[in-house]
Structure formats: structure tokens, C-alpha cells
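Okay, here's what each chain looks like letter by letter:
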Amino acid sequence: MGKRIGVLTSGGDAPGMNAAIRAVVRKAIHDGDEVFGIRYGYRGLAEGDIFQMAERDVSDLTARGGTMLYTARYPEFQDEEGRRLAIEQLKKHGIDSLVVIGGDGSYRGAASLAAEGIQTVGIPGTIDNDIPGTEYTIGFDTACNTALEAIDKIRDTATSHLRTFVIEVMGRNAGDIAVWTGIGSGAEQIIIPEAEFNMDEIVANIEEGQRRGKKHSIIILAEGVMEGHEFADKLYEYDDYHARVTVLGHVQRGGAPTARDRVLAAQFGFKAVELLHEGASGVCVGISGEKIISTDINEALQSKGHSHTSQVDLYNINSEISF
Ligand code: F6P
């Protein structure tokens, strides 16, 4: 007899979540399972916002940003009562296992359900790329490309006016989007939470750049360090540094996913269903060295940040090629 698998998206949405939902639904139905969509993440699970999904429900989905299952942040799920309601709904619908697509908060929810005997698998979906157990999360590549497009445009006007720009990108407490878009756009400075910065050095670098004939200065600032305007105020303390500020904000979360995110989502969704068939629970899927892997969620959550340190390597590369 096939399984009865629930699927939900939780936390901030990310481009490619839809492609992951599609892969879960299609792989499960292909293998003889029944699939149930749960709207609005854990909140919808506790409230019983659950419907059976057929293969055509996920047609024309891979190219769409956002999540067709909607999402919510639901801190109440950390309480016993929230989990009790969720388990009650799962039992009511005869759902024996759950695929959770989201970030580390979503993983914690999946781990606590696993501890209560519900079979769960997590799929890393967030633009921040800050989830342990994987080198890349669904949505990161698209967010970087969206941000890059905007930064390239800002660069045109920065050059025309010989201006300094501070561009704030998302990433919560991680500097991944900042590092990737900083290198990708040829930014003069990248400011991330993982590395210390010194205002004297930053100003000296801008001045040195001007001496070397640079026509602009682009500073990519990760939101986890401080707000763009705060940073510009600090620059203003040095005479003449009237930096313009652009906060890219939620535009980074939308849009059609890139090929990379669509493929990653398909691989993760496929692997999640395979893991459920193998009887795994309380695990999350990930990618490491181009291989699709799985890790115990609790182990992953105990490890620090994502499972590679290349962001700092990339940061160091930028400081040697951006003068
Ligand atoms: O986790 C994704 C993310 O976009 C972060 O980069 C950002 O800090 C946060 O979510 C914004 O959250 P909200 O959508 O609740 O404003």
C-alpha cells in the first residue's frame, strides 16, 4: 500500500519552492502514493487547511515564483499545543509522513514532529542560503541573479555621476547573497556579518579607487550587518561621502526561478520522497559536491551555518580583484 504524504512550505518563500512541490507530488503519485497539500505552512497544518493533490494540480508550476501552497511564519508551532493540533489533523487525514520545504525554523518543526512519531523529511528552501546540511538552498541562485540585474543597473548611473552607492541585500544573518552578488557585479566592497570591516579602510579604498581612475564605488552590504542608511550615515561622518542607498528588499524573493533552482528543487523533491520510502525520518536533503545527500535534521541544526566555508574564500578573492 502506498503512503499518504503531506507537503507544506514554511517561512519566507523562495523561487523554486513550486518546482519542489511539483517534484514531490509527481514522484509520490508515480510511486503509488497519495499526496496532500497543506496551505500556509504549520499554521495551515494546525488549522486543517489540507487538500488532496493530483498530478495536474502541479502543471505549469516550475516557472512560477512564490509558493502555490502559500506560506506563513508560525512561532506557535514551538508550543506543545500547536504540535498537538497538527498531529490531530495529520491523523484525521490519515497522513503518515510529511515533506517540509523551508528554512531552519521549518526544520525545527519537522524535527519535533519526527520526535513525536511523524515521519518527516526537510527540503532547504530560502534565498538566504543559510541552512545547515546543504551547500545550496532552493531560491538562492534566483535571488542572486535578481539582485545582480538591479546592481548592474545601479552601476550605470553610479558611473555616470561618479557616485558611491550602498546597496543593501537580504540574507538574514548570512552574507552569501552579498558575497555572490558582490563578486558577480564587480563591487568595490562587500560587507558581510562573517567578516569584520573597518570604516577607515573602506574610505581609504574608495579614495584609492578614485586615484586609480575608478568612476564609481559600489558597496554591497548584507542586511545582517546593519541597515543601508545606517551604513551611509557612518560614511557621511567622513567629509564628502554622500553615498546613495538602495535597499533591494523583497524583490529578491520573487520571480521565475533560474535553471539551477528548478533543477535543484526537482532533485530535492525526488530525493525527499525516496527517503520516505526508505523509512527515513527527521532527515533533510541537501547538495554537497554536486551530490544529493541526506543528513539527520538535529545533527544539521547543531552544526554551524551551512556546510561549506567558501563564502569567506570568495570574500577574500573579491578583496584582491576589486581594486
Ligand atoms: O529568510 C528570507 C528573508 O527574505 C530574509 O532574507 C529576510 O531577512 C527576511 O526573510 C524578511 O522577512 P519578512 O518577509 O518576514 O519581512
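Residues numbered from 1 in each chain as written. Predicted model: local features only at pLDDT ≥ 70, side-chain atom pairs only at ≥ 80, totals over all residues. Heavy atoms only, no water.

### A word on the domain arrangement of the chain
Consideration 1: When the domains of the chain are assigned, the result is domain 1 (4–139 + 257–304) and domain 2 (143–253).
Consideration 2: In this complex, domain 1 contributes 13 residues to the contact, which on the side of domain 2 involves 11 residues.
Consideration 3: Together, the buried faces of domain 1 and domain 2 total about 970 Å²; carbon and sulfur atoms form 45% of this surface.
Consideration 4: Its largest share of buried area at the contact with domain 2, domain 1 owes to D13, I127 and D128, together 47% of the area lost on that side.
Consideration 5: For the pair domain 1 and domain 2, the interface holds four salt bridges.
Consideration 6: A salt bridge links R172 to D104, with the shortest nitrogen-to-oxygen separation between them at 3.2 Å.
Consideration 7: Across the side of domain 1 that touches domain 2, the residue classes tally to four nonpolar, four polar and five charged. (Domains from an automatic or database assignment. Contact = heavy atoms within 4.5 Å. Buried area = accessible area lost by both parts, 1.4 Å probe. Salt bridge = Lys/Arg side-chain N within 4 Å of Asp/Glu carboxyl O. Nonpolar A, V, L, I, M, F, W, Y, C, P; charged D, E, K, R; others polar.)

### Some points on the sheet that holds strand 6 (residues 164–169)
Hydrogen bonds between backbone atoms are what pair the strands of a sheet, whose relative direction is either parallel or antiparallel.
Consideration 1: Strands sit in the order 7-8-6-9 across an open sheet of four strands; the sheet is parallel. For this open sheet the edge positions go to strand 7 (189–191) and strand 9 (244–247), each flanked by a neighbour on one side alone. Averaged over all neighbouring strand pairs, the angle between strand axes comes to 20°, with direction disregarded.
Consideration 2: Each of strand 6, strand 7 and strand 8 (217–222) touches helix 7 (residues 199–211); the most contacted strand, strand 7, lies at about 160° to it. (Pairing = 2+ DSSP bridges. Helix = DSSP H or I, 4+ residues; strand = E, 2+ residues; numbered from the N terminus. Axes fitted to C-alpha atoms, helices over the stretch in contact; angles between N-to-C directions.)

### Topic: the sheet that holds strand 2 (residues 34–38)
Consideration 1: Taken in spatial order, the seven strands make up an open sheet running 3-2-1-4-5-10-11, and their pairing is mixed. Lying at the two open borders of the sheet, with one neighbouring strand each, are strand 3 (50–53) and strand 11 (291–296). Geometrically, the sheet is characterised by an average inter-axis angle of 30° between neighbouring strands, direction not taken into account.
Consideration 2: Inspection of the sheet shows strand 1 (residues 4–9) paired to strand 4 (residues 97–102) by five bridges, in the parallel sense. Paired with L8 across the bridge in strand 4 is V100.

### Overview of the packing of helix 1 (residues 17–30) against helix 9 (residues 259–277)
Consideration 1: Following both chains from N to C, one finds helix 1 and helix 9 inclined at 40°, their axes separated by 7 Å at the closest point. Handedness of the crossing formed by helix 1 with helix 9: right-handed. Between helix 1, through A19, A20, A23, V24, K27 and A28, and helix 9, the contact on the second element is made entirely by R262, A265, A266, G269, F270, V273 and E274.
Consideration 2: Considering only residue class, the contact of helix 1 with helix 9 consists of nine nonpolar, one polar and three charged. (Left-handed = near helix turned anticlockwise from the far one by under 90°.)

### Here we look at the UniProt feature "binding site: Mg(2+)" (unreviewed entry) in the chain
Consideration 1: Within this numbering scheme, the UniProt entry marks D104 as carrying the feature "binding site: Mg(2+)" (unreviewed entry).
Consideration 2: Excluding residues that lie within four positions of it along the chain, D104 makes contacts with I131, R172 and L301. (UniProt positions renumbered as here; feature names shortened; annotations may be inferred.)

### Here we look at the nonpolar core
Consideration 1: Counting 57 residues, the largest nonpolar core has V99, I123 and I218 as the members making the most contacts within it.
Consideration 2: In terms of domain composition, this core takes at least three residues from each of domain 1 (4–139 + 257–304) and domain 2 (143–253).
Consideration 3: When sequence neighbours within four positions are dropped, the list of residues in contact with I218 reads I151, I154, R155, A158, F165, I167, A187, E188 and Q189.
Consideration 4: I38, A86, A110 and A300 belong to the second-largest nonpolar core, a separate cluster that totals 24 residues. (Core = buried A, V, L, I, M, F, W, Y, C linked by side-chain atoms within 4.5 Å. Buried < 20%, exposed > 50% of the residue type's maximum accessible area, 1.4 Å probe, protein only.)

### A look at the packing of aromatic side chains
Consideration 1: One pass over the structure, following the stated rule, counts six aromatic pairs.
Consideration 2: When the ring of Y136 is compared with that of F140, the centres are 6.2 Å apart and the planes differ by 25°; the resulting orientation is stacked.
Consideration 3: What makes Y136 buried here is its relative accessible area of 16%.
Consideration 4: F140 sits in the buried class, given a relative accessible area of 3%.
Consideration 5: Judged by centre distance (5.9 Å) and plane angle (85°), the ring pair of Y136 and W180 falls under edge-to-face. (Phe/Tyr/Trp six-rings, centres within 6.5 Å; stacked < 30°, edge-to-face > 60°.)

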